[in-house]
Amino acid sequence: MIERFAGRLRDWHLRHGRHDLPWQRQGPYPTWISEIMLQQTQVRVVIPYYHAFMERFPDVEQLANASEDEVLKHWAGLGYYARARNLHHGARQVRDLFGGEIPNSLDELMTLKGIGRSTAGAILSLGFRQRGVIQDGNVRRVFSRIFGIAGDLTTSVKQRKLWDIADELTPADGEEAAVHTQAMMDLGALVCTRQRPKCHSCPFRSDCYAYTSDHVADLPQPKRIRQRKTEDWVVLEVRNSANQILLGRRPTQGIWGGLYTPPIDTSLRDLEATLSLPDLLDSEEVHIKEHAFSHFKVRLHHLRHRFDGLAPPEFEWIDLRGFQGGLPAPIAELLSKE
DNA sequence: CAACCGTGGGA
DNA sequence: TTCCCAAGGTT
């Protein structure tokens, strides 16, 4: 089974795999961009962002020379904004430390911000067509079912085991490894899905532990999700007579790091203390919007206020049209309302 | 090691 | 409505 695995996977992929994704066979830079965008993010969500991003930042040099604000503007709505900040930082590392050429070794790739072992393996394999090994959610799910790996897959023992299997199954030849890498992800994404897997069309069903022992629904073990707390945030939309709006850049650390939002705090009273705008307590609540982050929830209380004068510290008057910075998705939606 | 870090969509 | 997940990495 181990001996025949790669060959059988390749044959399946030739007929049933994905061969027309926009970043495929485009070289290391497009592979890098797509791999970062695809972290924890579905293909159909990524595609429009990928096209716009590549249009504006067609190569490493243009990405490195751009401002972080503009990079985040193109990332706005995708989420996990550290990915964009790290990617931008990584492009500058390539420019300044690698002479503008993306390195083609595992160790060097992993020195770039935001590139871990799996993403480095993917760039080596898919981007450079050199031998590289990945270990993503698709691979973990496929292996846990085929080889019957139960329990928590994030422990170091299980991680070691999964990496060992992945390494053993990956062909030595670079081009074959590239096809293998794409095929592993396609099998996980198209057949060996989390819910309602299509075992009837799986090339490994006769050897699959989960399928042959009727444990497909139990593997891999779902990770326990802790209850998410809910906070209340007051989002203060302040406009002046020129229809500009008060926005401030959020600190790099924390939620929405590097993006721009209106003044936000847990109460209007706290906002009044920091902003000291006249008649702030008279501002009206437009509506309340619930928003879920990965580890907590918020009720966004949308308030409107009119003010003409100097922007308070940490904020600036901004015309949203042509603004070169990123707005978080729920904030952009909130500000677009009448 | 566990918490942190977004968003949209499907069930 | 609510829960869960989708090509992870950093701290």
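Since we're looking at a predicted model, the values are computed, not measured.

A. The overall build of chain A, seen in detail. Counting secondary structure elements, chain A contains 14 helices and seven strands. The principal-axis extent of the C-alpha atoms belonging to chain A is close to 75 × 50 × 35 Å. In chain A, the share of contacts with a sequence separation of at least 24, taken over all contacts with a separation of at least 6, comes to 65%. Element-wise, carbon and sulfur atoms account for 48% of the exposed surface of chain A, whose accessible area totals about 17500 Å². Where the 43 positive side-chain charges of chain A centre and where its 43 negative ones centre are 7 Å apart.

B. How the structure looks around the protein's contact with DNA strand C. For DNA strand C, the set of nearby residues contains 23 residues, the closest of which are Leu-38, Gln-40, Thr-119, Asp-136 and Asn-138. Here Gln-42 contributes a side-chain N or O atom positioned 3.4 Å from a sugar or linking oxygen of DNA strand C. Asn-138 places a polar side-chain atom, nitrogen or oxygen, 2.3 Å from a phosphate oxygen of DNA strand C. Ranked by residues supplied to the surface near DNA strand C, first place goes to helix α9 (residues 137–146) with three residues. When grouped by side-chain class, the residues that make up the surface near DNA strand C number eight nonpolar, 10 polar and five charged.

Quick notes on the rules
Residues numbered from 1 in each chain as written. Chains lettered and ligands numbered in written order. Predicted model: local features only at pLDDT ≥ 70, side-chain atom pairs only at ≥ 80, totals over all residues. Heavy atoms only, no water. Helix = DSSP H or I, 4+ residues; strand = E, 2+ residues; numbered from the N terminus. Contact = heavy atoms within 4.5 Å. Areas by Shrake-Rupley, 256 points an atom, 1.4 Å probe, with all protein chains shown as cover. Lys, Arg positive; Asp, Glu negative; His and termini not counted. Charge placed at Lys NZ, Arg CZ, Asp CG, Glu CD. Near = heavy atom within 4 Å. Polar contact = N/O pair within 3.5 Å; in protein donor to acceptor, adjacent residues only side chain to side chain. Nonpolar A, V, L, I, M, F, W, Y, C, P; charged D, E, K, R; others polar.

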